[in-house]
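An overview of the molecular structure
Read off the chains here:
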Amino acid sequence: MTTPMRRQYLEQKGRYPDAILFFRLGDFYETFDEDAKLTAAELGITLTSKPIGGGVRAPLAGVPVAHVESHLARLVARGHQVAICEQLEDPRATRELVRRGVVRVVSPGTALEPALLEAGEPSACAALALLRDDDAHGDLRGGPRGVRRGWRLGLAALDLSTGACYALELRAEELPELAAPLAAELSRLGVRELLLAPELDESRW
């Protein structure tokens, strides 16, 4: 047994499972469950609870709507993605549960608002794709021609704050050899958010 508002929250959260969901309730954006615990810890705010039906209470932590930008800036700076779930109608105009929906998603690599950016610092979002292939053009050190199994790592980056785009390919015989040059490129480009292709298993690094 649960409340209609709880069901509404879970529906929206299910659409953005990887983001902290800021759920608008009046003058506050509330977070629930694990999101609430994380938000309270990151922002240093009080963790409370709210009844959700059946005698059960869910962890709760909220921030005032009037000060949401400063809280977003802190969460984004710490690498979190936040989905803003807004009231889509005036609560005074309906006797039913107010309709809500996500109207904005903020992440470290897609933030555009000045308050969410560090002045003079790059803020790129990058994507990686990995492929193992046959290369018939000889070894990378100028050795004899022949078939060699190797790795290719594609990196594309976009800084939305400036419009700058980058794309490059890194190659090596062994996968661990790509880690150092990749880290150097991510640092050079100022990457704040990294998207991984399904075939790229982080555990290999």
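Above this text you will find the structure in question.
Residues numbered from 1 in each chain as written. Predicted model: local features only at pLDDT ≥ 70, side-chain atom pairs only at ≥ 80, totals over all residues. Heavy atoms only, no water.

By the definition in use, this model includes four aromatic pairs. Here the basic side chain of arginine 24 rests over the ring of tyrosine 29, its NZ or CZ set 5.7 Å away from the ring centre. (Phe/Tyr/Trp six-rings, centres within 6.5 Å; stacked < 30°, edge-to-face > 60°. Lys NZ or Arg CZ within 6 Å of the ring centre and 35° of its normal.)

Attention now goes to the environment of leucine 196. Along the chain, leucine 196 falls in strand β10 (residues 191-196). Along the chain, leucine 196 and leucine 155 lie 41 residues apart, while their C-alpha atoms are 9.9 Å from each other. (Helix = DSSP H or I, 4+ residues; strand = E, 2+ residues; numbered from the N terminus.)

Scanning the entire structure with this criterion turns up 12 salt bridges. Ionic pairing is found between glutamate 69 and arginine 104, a salt bridge with its closest N-O pair at 3.0 Å. Taken together, the residues glutamate 69 in helix α3 (residues 68-77) and arginine 104 in strand β6 (residues 100-106) connect sequence positions 35 residues apart. Across the pair glutamate 185 and arginine 188 runs a salt bridge whose closest N-O atoms are separated by 2.8 Å. (Salt bridge = Lys/Arg side-chain N within 4 Å of Asp/Glu carboxyl O.)

What follows concerns helix α4 (residues 179-189). One turn of an α-helix holds 3.6 residues; hence residues three or four places apart share an orientation. All of the buried residues in α4 are Leu182, Glu185, Leu186 and Leu189. Down the axis, α4 shows its buried residues gathered within 100° of arc, on one side only. When the buried face of α4 is taken as reference, the exposed residues oriented beyond 90 degrees from it are Ala180, Ser187 and Arg188. Just downstream of α4 lies glycine 190, where phi reads positive at about 70°. (Buried < 20%, exposed > 50% of the residue type's maximum accessible area, 1.4 Å probe, protein only. Arc of directions from axis to C-beta.)

Turning next to the sheet that holds strand β5 (residues 82-87). The strand order β3-β4-β2-β1-β5-β6 describes an open sheet built from six strands, whose pairing is mixed. This sheet does not close on itself; its edge strands, each paired only once, are β3 (48-53) and β6. Adjacent strand axes in the sheet meet at a mean angle of 35°, parallel and antiparallel pairs treated alike. For strand β2 (residues 28-32) and strand β4 (residues 56-64), the ladder comprises five bridges, and the chain directions are antiparallel. Its bridge partner being in β4, threonine 31 is matched across the sheet by alanine 61. Along the sheet, helix α2 (residues 33-43) makes contact with β1 (20-25), β2 and β4, crossing β4 at roughly 40°. (Pairing = 2+ DSSP bridges. Axes fitted to C-alpha atoms, helices over the stretch in contact; angles between N-to-C directions. Contact = heavy atoms within 4.5 Å.)

Note that all results are geometric; they support no functional claim without further evidence.
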